[in-house]
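# Structural features, examined
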Amino acid sequence: MLDKTYRPGEVEPKHYQAWEAAGAFGARPEAGGRPYTIMMPPPNVTGSLHMGHALTFTLQDILTRYHRMRGRDTLWQPGTDHAGIATQMVVERQMAAEKLTRHDLGRDKFIERVWTWKGESGGTITRQLRRLGASPDWSRERFTMDEGLSQAVRKVFVDLYKQGLIYRDKRLVNWDPKLHTAISDLEVEPREVQGHMWHLKYPVEGEPGRFITVATTRPETMLGDAAVAVHPEDDRYRDLVGKFVRLPIADRLIPIIADEYSDPEKGTGAVKITPAHDFNDFEVGRRHDLPLINILDRDAHINENAPSAYRGLDRYDARKRVVAEFESLGLLDKIEPHVLQMPYGDRSGVVIEPWLTDQWFVDAATLAKPAIEAVESGRTRFVPKHWENTYYEWMRNIQPWCISRQIWWGHQVPAWYGPDGRYFVELSEDEAQAAATAHYGHPVALTRDADVLDTWFSSGLWPFSTLGWPERTAALDRYYPTDVLVTGFDIIFFWVARMMMLGLHFMGDVPFREIYIHALVRDEKGQKMSKSKGNIIDPLVLIDKYGCDALRFTLAALAAQGRDIKLAESRVEGYRNFATKLWNAARFCQMNDCKPVPGFDPAAAREQVNRWIAGKLTDAAGRIAQAIEGYRFNDAANAAYQFVWNSFCDWYLEFAKPILQGGDGPAKVETRAMAAWVLDQILHLLHPFMPFITEELWQQLAGDRGHFLMTAGWPSLSFQDGGVEAELDWLVKLISSIRAVRAEMNVPPGARVPLLVKGAGEESKRRLATHRDSILTLARAASLDIVADATSQGAVQVVVDEATILLPLADVIDLAQEKTRLAKEIAKLSGDIEKVERKLGNPEFIAKAPGEVVAEQRGRLEEWVAARAKLTEALERFSSA
């Protein structure tokens, strides 16, 4: 007998260990099923499970478990990312406690220490994924620094270099002056800060007393100015184009140039151009062949390219001195408060500098062309489709991709330098030495490039490197291209685009046929979760409190396409109650001796209620499968929920109770078998969402079945009986309508009210007679009478099809008091609705309010309008009484 309560803390580890020990997660090419492949976005080896992980891995696991049950040869490829900067920082912090730096150890010893840390502490995230119920093929787990993937990284780098698609160049990068490395855009965190706009006057050369005024948020960078730009059609400056200004402090002549980058409507219409310290200015500088004057060193201190009085100053100390000197020269026009987005390193916490440095770059524009065409032609499809526009926008404006990083942990660049600085890019040092010897005519000492590669470079190879490339393995032939990538929109460019480019280039085909982009998980108010706001929801805490299945089902039920998830703990608690409902329904069936019957055929059922639930099950199974395959996880979860809670628990088991608890006979035998069969199918349908409770019930409700539920087949159902379905649906609608009226009118639950039916046709009369006992019991009715006519005085009426059902309530409730209560509630709602409508009708509010606040107000308005309509309908019923 099932325990009275379900205990997820005991059940979950038991089943997960059994599944994993039995190899139940593994791909099975030998079984002959059609392959179904998902690449797990590799979480950082330093990571801990957060709510974004919980969402993406739950959705991937739903797809994996569903397709496994459909008989596909399912490979969900797991692994972790070496997370260059993040991992190096973790180990360096650990060493700092020992008063050591990586330089104390040297590169090789430091790398050894990182591998030691990885062996001891790097498995946290994969252990936590197991707690989430994730079912990837752990036997194939990969790590972006393992030997096979490292070999793939080296080959891709060397091949791209020799094809002219990787090159070394001096360009601007995001430079972290604390970590002393280039970082990716994703590692730059824009923060809104209260700053200033300084208006500086530059004297026009040869025209005493004439100045051109530029506005800047970074006055210290004027030491590296190379030009002043004005719009070619700006009449104010047309006569100055081609002339020069004398740059104050630096005492250099710089040209006044015409470029459309300058906006005549913004500031003074003239902008200072500092190509070595601003990404936009860098492009202007290239167009006009301006010099690149780098005035900062790697610590963001002023270097030797500035006047001697400034050398060695921190950038912000230099700013103060520049402003003071402009003021003393009478060239500071004005200072205005200004709100700006400042770029901070997400790990170092310091302001990032656009810095001119020698780095390795990928010719991303060339690689992007086939990747754009693949989406345009439909070889890869985005779901929802509108994310294609984001992809196109990024890919069509793609810049050279900086792939080198100045850290130690990562894939070291396979390039070696000769004594004259010439570099040799080869797969190994021996090959580089051979190339150098051939070049110089004799052996020379080589020095390896100290840089490592951007983490996104190795993870960009994930769909094929994990399958054994560059070897042509059986797994690569079988599982590439993959079926779907499930990921968040924030890495469409950083990861998705790179996989598309590299997969097409090296494999000749797209890495995945479909890309499902899910939304963000926010807090219940729609706010982004962050430590500073104190609104982070820990998925492991929710799993401990409510069980893994409740969290998974919540995330699926809220995962509507194109809509961020507003997660409240109360929602998880609600779906824990759903798990409890399922458990209690199973206990009810068990207590009534409902056991699975081998070979049971639902089509042979004779009882109406049994034929009805079998048809409802067929309909639900079809809707769940269709929704999963269309990535409409919320629709799938809600279809399952509605069928289990409403059709099966609330209606079928209630309709079946008199049979199950009545005398023995064919009807009881059939109903026991049907209840057990439907419950079994429910466990199959719910398993992708709620793997633990369904496996537990599957094993407890019958003897040894010889296999796990997770490896059982997905239900193949076709039974329908339209006539029975119409009749029982009518009965459900009738009883539901009567219950709704009782609730709206505050009728005491124990009160039994007579039901008078008028205007019923012959079919409705037959149904009323057939189901009289069920109606009296489930609608809590004192009597049920068909009448030719009846006074509506003191009665509330409900219309079901052509029939009108009257509930005389004058002797049960105070009608006048209830009317007054309803009128007050309607008035309050109307006032609230009017306030929100005024707010949403205010263009200023719409322009200034954050998007999530506007969405919250609109959602609230919808809820209140629906509630008012319902109360108004109830009041109208009272008015008819």
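Scroll up to find the structure this text is about.
Description of the structure in this document. Everything numeric here is computed off the predicted structure, so don't read it as measured data.

## Focus: the packing of aromatic side chains
This model, assessed by the stated rule, comprises 43 aromatic pairs. Between Tyr 167 and Phe 361, the ring centres sit 6.1 Å apart and the planes meet at 20°, which makes this aromatic pair stacked. One end of the pair, Tyr 167, is in strand 5 (residues 166-176); the other, Phe 361, is in strand 14 (residues 353-362), with 194 residues separating them in the sequence. One aromatic cluster is present, formed by Phe 157, Tyr 161, Trp 360, Trp 401, Tyr 417, Tyr 423 and Phe 457 through successive ring pairs. Taking the ring centre of Trp 138 as reference, the NZ or CZ of Arg 130 above it sits at 4.0 Å. The lysine or arginine in question, Lys 201, covers the ring of Phe 211, its NZ or CZ lying 4.8 Å from the ring centre.

## Re the state of the cysteines
On inspection of all chains with the given rule, the structure shows zero disulfides. The thiol of Cys 594 is unpaired, and the distance to the nearest cysteine sulfur, on Cys 589, comes to 4.6 Å.

## Overview of the layout of surface pockets
In this structure, the second largest pocket occupies an estimated 990 Å³ of space. Considering the residues around the second largest pocket, the lining is formed by 36 residues, among which Arg 563, Asp 564, Ile 565, Lys 566 and Ala 855 are closest to the centre. Sorting the residues of the lining of the second largest pocket by element identifies helix 2 (51-69), strand 23 (512-518), helix 18 (548-558), strand 25 (565-567), helix 19 (569-591), helix 21 (633-660) and helix 29 (851-880) as the ones contributing at least two each. In terms of residues, the lining of the second largest pocket owes the most to one element, helix 29, which gives nine residues. For the lining of the second largest pocket, a count of residues per class yields 14 nonpolar, nine polar and 13 charged.

## What to know about the nonpolar core
Met 51, Phe 648, Tyr 652, Phe 655 and Phe 689 are the most contacted members of the largest nonpolar core, which totals 145 residues. Top contributing element to this core by residue count: helix 21, with 16 residues. Setting aside residues up to four positions removed in sequence, Met 51 forms contacts with Val 521, Met 529, Ile 537, Asp 538, Pro 539, Leu 542, Leu 551, Leu 555 and Leu 567. Listed in part, the 64 residues of the second largest apolar core include Ile 372, Ile 398, Leu 485 and Met 501.

## Some thoughts on the pairing of strand 9 (residues 227-230)
Across the two faces of strand 9 the burial is the same, with Ala 227 and Ala 229 and Val 228 and Val 230 all buried. Bridge analysis of strand 9 against strand 12 (residues 270-273) gives four bridges, and the strand direction is antiparallel. What sits directly across from Ala 229, in strand 12, is Val 271. As judged from the three bridges shared by strand 9 and strand 11 (residues 252-258), these two strands associate in the parallel manner. Each residue of the ladder has a partner; that of Ala 229, found in strand 11, is Ile 257.

Reading the values: rules and limits
- Residues numbered from 1 in each chain as written.
- Predicted model: local features only at pLDDT ≥ 70, side-chain atom pairs only at ≥ 80, totals over all residues.
- Heavy atoms only, no water.
- Phe/Tyr/Trp six-rings, centres within 6.5 Å; stacked < 30°, edge-to-face > 60°.
- Helix = DSSP H or I, 4+ residues; strand = E, 2+ residues; numbered from the N terminus.
- Lys NZ or Arg CZ within 6 Å of the ring centre and 35° of its normal.
- Disulfide = S-S within 2.5 Å.
- 1 Å grid on protein atoms, 1.4 Å probe; cavity = no way out; pocket = protein on both sides within 12 Å on 5 of 7 lines; lining within 4 Å.
- Points joined across faces, edges and corners; volume = space filled by probe spheres on them.
- Nonpolar A, V, L, I, M, F, W, Y, C, P; charged D, E, K, R; others polar.
- Core = buried A, V, L, I, M, F, W, Y, C linked by side-chain atoms within 4.5 Å.
- Buried < 20%, exposed > 50% of the residue type's maximum accessible area, 1.4 Å probe, protein only.
- Contact = heavy atoms within 4.5 Å.
- Pairing = 2+ DSSP bridges.

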